[in-house]
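Structural overview for review
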Amino acid sequence: MLKTIRQASFSQPPQRLFFAVIFLLCGFSGTLPSIASAATEATAPQSTGGDQVPEFDPAQATAHYHFALAKLHADAGDFEAALAAFEKSLSLDGTDVYSFLETAKFYGYLAQASRTRQQTVAYLDKSLELLSSARQLAAENPDVLRLFAETHLRLGEQRPSSYAVAQGALEKLREIEPTDLRTLISLGQIYLFSREPAKAADVLTEASRYSPRNRMVQSMLVDALMGADRRQEAEKALTDLIPLDPTNLEHSLKLANLLSERGEHVGAAQVLEQAGEGDWLTGARIRQALAREYHLIGRHQEALELVDGMLEDPFAASAPNRGLQRLKVSILSAMTRYDRAIELFRPLLEDSKDGERRLQDALLLSRLYERAADADAAVEVLRREATNLPSGVPASRLATAIAEVQKRAGQMIAAESTLRGALPPGDVELDPESVDLIRELAVLLNRDGRTAEAIGVLERGLARLDRASASAPEDDGIARLQAALQLNLAGVYGEVGEWARMGALGVELAGSTNAEIAFVGLQIQADALAEQGDLDAAFTLLDGVEGRGRQVRAKRVELLFNSERADEAKALALEAAASGEVGDRLFASRILQRHEFYPDSIELLEGLLDERSDETVLFALGAAYERVGNIDKAESTFKRLLEASPDHAPTLNYLGYTWTENGKNLEEALSMIQRAVAMDPDNGAYVDSLGWAYYRLGRYEAARPHLEWAGRLTPDDPTVHEHLGDLYTALGDEALARAAYRRSLEILGEDSEGATEDQTRIRGKLEAFDAAPLTGGGPAGGDE
């Protein structure tokens, strides 16, 4: 019978409870022998004529008495007497696991009540000593393992190595009781503490299945999933947690941030709209986050009202929120209120400390001046920062930025002067930033028709790197810089038909020890051979490349297209797709689209939908439908993509522009394009789409700043300049309209043989000026 009792659950020890009742009834008025005698009589085996039970041991009864006495002393708050009774009980009977367990619990309680760290650690160590004895008696007893782990967890605050011991005990306990919630939660806490979020996420995901409405479990699960970068699961966990803990607005902020990070700005705004106000600080964070999301989805006026309301708050005024002010600048810029944005942002720049942040602020202020069509002020802002460059930032970085402003403003001579002035002297070793300056200068000269000068700049740069390489032949960094300039030089040679010199550069690059550089060199060689009419030699060269099957096929297809052997190129692309592999089919569809074989591309992409209906496939398919004039299918495909990814900027822009071009859903199109521009404000294509949407709505003044900014961002896009011509025509400015149309024709190649449809249309618009002088007040050719 005694053996059976000892194997029972320690949470309900029947024999111990029985003795406690006896001792209570006796009132401890008798002597120890009399109590033991009472216990003996109460528990003495009765002869029933059946199996014999072990005789009762008075020593054990005495141990039981001291154990019960210890519990009574503990309940009465006499901890010293309780401790003595516990220890006496163990000295009399060292075979009862429950005695060790309860005494260890008592030491744990003493540790909790201790006032000094030293005393706490001492009590916890004593508790663990007793639990170790208990584990020797019952190594896999769940109650012992649980308390052993919990005690080590408490000790871990003072002795971090204890966390690993607790983890081992809990992992063993999980094997014994895999569904025990306390074990799973404790393990999750340890894994989080030890920076093993993936393990924590697995354990806590299991715990959440057993207790789906447990706020603590869900909150820990969110932290674990985010730490393991399992963000979509974290979104789901937060969505489940918010209704369980609606007053904790941190959950809403976390969920909104996760959604925003992956571009789901509409969803993020909805989460924030449903959140409460909370305290002043939390409410302010909610409003600021909501203003940002409104801005990113094109609801600029609502965003501005939220920000202004917060800036007018007396608490905000006493502690200016620079992030909030920057957000207001971004909103004002999106609303083309550039003067107000500049006025607000200039003091922020002046208050910025030296460093990377100040440089970024200067670049932003410069860009605001550019959007306001004040290139001189944009350049001046950057020049003033020359003396404030943060440590480690080369002056060439600022020079490149200044030259970019000048180029966008059409100030090519000034840009050239800026770049040349920033080049290091001939006796100074070139660094990556200096090589970038050389490349920028060569591109500028080549674009300006000064090809020989561009070649000279690149060759002199290579000569300087050759000298550096001679003194450090094993320096891979120098080899990469050389390769960068050689690639630029090969491109210039190709533009002017210097195929032999281009091929020689390819041979030099192909000898590189860097596999990527060597493969680029082989491709340049192949290009040069094909342009010289020896396509077979180019193919033979490519056939010798191993391990780059798809890249080699892509190059062969490109060479065939360039050699006007389109049917063979198309057949080779389709042959690659015949493998049936998703990657090969996607590769083939991209090549076919690039060379305007849209129907064949559509067939391949439609076949991919069942296996891979992601953004890449759907966007390519929607674009292909649009290019063949199947607008209905293009719309349905783009809408399908936006259902899964409602803030996919390329799709928002493409569908919005498609509707704008076709005069459909113009207000909705405007809203979609606004969202795309808010996410990527310096994307020339998006900015052009936005200006064009305003134009098609008849809001010409609203269109102007966007189309003019698009013209500076993408100076070589004929469509942008045609749009500008249409706008200036509508505004009655014939001179600007003519200039824009001529620039568009210049980009298209006005003197090329066989006028294209675009060239014919634009020439017609220019001829209309001569037939009927412009009087202003309405569009000309913009809404046909």
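Figured I'd write up the structure that's included with this text. (Residues numbered from 1 in each chain as written. Predicted model: local features only at pLDDT ≥ 70, side-chain atom pairs only at ≥ 80, totals over all residues. Heavy atoms only, no water.)

Comments concerning the overall build of the protein
Tallying secondary structure elements over the protein gives 43 helices and zero strands in all. Counting only contacts in the protein whose residues sit at least 6 apart along the sequence, the fraction spanning at least 24 positions is 52%. A total accessible area of about 38000 Å² is found for the protein, and carbon and sulfur atoms account for 50% of it. (Helix = DSSP H or I, 4+ residues; strand = E, 2+ residues; numbered from the N terminus. Contact = heavy atoms within 4.5 Å. Areas by Shrake-Rupley, 256 points an atom, 1.4 Å probe, with all protein chains shown as cover.)

Describing the packing of aromatic side chains
For the structure on display, the rule yields 14 aromatic pairs. Both rings, one in phenylalanine 86 and one in phenylalanine 106, keep their centres 5.2 Å apart while their planes meet at 40°; by these two values the pair is tilted. Placement of phenylalanine 86 in helix 5 (residues 79-92) and of phenylalanine 106 in helix 6 (residues 97-113) is noted, with a sequence separation of 20 residues between them. There is no split in this pair, since phenylalanine 86 and phenylalanine 106 are both buried. Considering the side-chain rings of phenylalanine 561 and phenylalanine 597, the 5.7 Å spacing of their centres and the 45° angle between planes classify their relative orientation as tilted. Of the two residues, phenylalanine 561 sits in helix 31 (residues 549-562) while phenylalanine 597 sits in the loop between helix 33 (582-594) and helix 34 (598-608), which places them 36 residues apart along the sequence. Accessibility expressed as a relative area gives 11% for phenylalanine 561, which makes it buried. The buried category is assigned to phenylalanine 597, whose relative accessible area is 19%. Here the aromatic residues Phe67, Phe79, Phe86, Tyr98, Phe106 and Tyr109 are joined through ring pairs into a cluster of three or more. Positioned above the aromatic ring of phenylalanine 519, the side-chain terminus of arginine 548 is 4.6 Å from the ring centre. (Phe/Tyr/Trp six-rings, centres within 6.5 Å; stacked < 30°, edge-to-face > 60°. Buried < 20%, exposed > 50% of the residue type's maximum accessible area, 1.4 Å probe, protein only. Lys NZ or Arg CZ within 6 Å of the ring centre and 35° of its normal.)

With respect to the environment of alanine 735
Counting through the fold element by element, alanine 735 comes out in helix 42 (residues 734-748). For the pair formed by alanine 735 and glycine 725, sequence separation is 10 residues and the distance between their alpha carbons is 9.5 Å.

A look at the nonpolar core
Ranked by size, the top nonpolar core spans 102 residues in total, and within it Leu131, Leu365, Leu368, Tyr369 and Leu382 carry the most contacts. Ranked by residue count, the leading element in this core is helix 6, at nine residues. Discounting residues that sit within four places of it in the chain, leucine 382 has contacts with Ala362, Leu363, Ser366, Leu398, Ala401, Ile402 and Val405. The next biggest cluster of nonpolar side chains, apart from the first, holds 52 residues, and it includes Met672, Ala703, Ala740 and Tyr741. (Core = buried A, V, L, I, M, F, W, Y, C linked by side-chain atoms within 4.5 Å.)

Points about unusual backbone geometry
With a phi angle near 60°, threonine 336 is a residue other than glycine that sits in the positive phi range. Structurally, the position occupied by threonine 336 is in the loop between helix 19 (322-334) and helix 20 (338-351). Unusually for a residue other than glycine, glutamate 596 sits at a positive phi of about 65°. As for its placement among the helices and strands, glutamate 596 is situated in the loop between helix 33 and helix 34.

A short note on the layout of surface pockets
Its boundaries defined by the atoms lining it, the largest pocket holds a volume of some 860 Å³. Around the largest pocket, the lining is made up of 36 residues, and of these His295, Ser330, Ala334, Ala678 and Pro681 lie nearest the centre. For the lining of the largest pocket, the secondary-structure elements that each account for two or more residues are helix 16 (280-296), helix 17 (300-311), helix 19, helix 21 (356-371), helix 38 (666-679), helix 39 (684-696) and helix 40 (700-713). Of the residues that constitute the lining of the largest pocket, the class distribution is 18 nonpolar, 12 polar and six charged. (1 Å grid on protein atoms, 1.4 Å probe; cavity = no way out; pocket = protein on both sides within 12 Å on 5 of 7 lines; lining within 4 Å. Points joined across faces, edges and corners; volume = space filled by probe spheres on them. Nonpolar A, V, L, I, M, F, W, Y, C, P; charged D, E, K, R; others polar.)

Points about the packing of helix 11 (residues 197-210) against helix 12 (residues 215-227)
Running from N to C, helix 11 and helix 12 point in directions that differ by 150°, and their axes come no closer than 8 Å. As summarised for this structure, helix 11 and helix 12 are arranged roughly antiparallel, according to the angle between their axes. At the point where helix 11 passes helix 12, the crossing takes the left-handed sense. Packed against helix 11, whose contacting residues are Pro197, Ala200, Ala201, Leu204, Thr205, Ala207 and Ser208, the element helix 12 presents Val217, Gln218, Met220, Leu221, Ala224, Leu225 and Gly227 at the interface. For the contact of helix 11 with helix 12, a count of residues per class yields 10 nonpolar, four polar and no charged. (Axes fitted to C-alpha atoms, helices over the stretch in contact; angles between N-to-C directions. Parallel < 35°, antiparallel > 145°, perpendicular 65-115°, else oblique. Left-handed = near helix turned anticlockwise from the far one by under 90°.)

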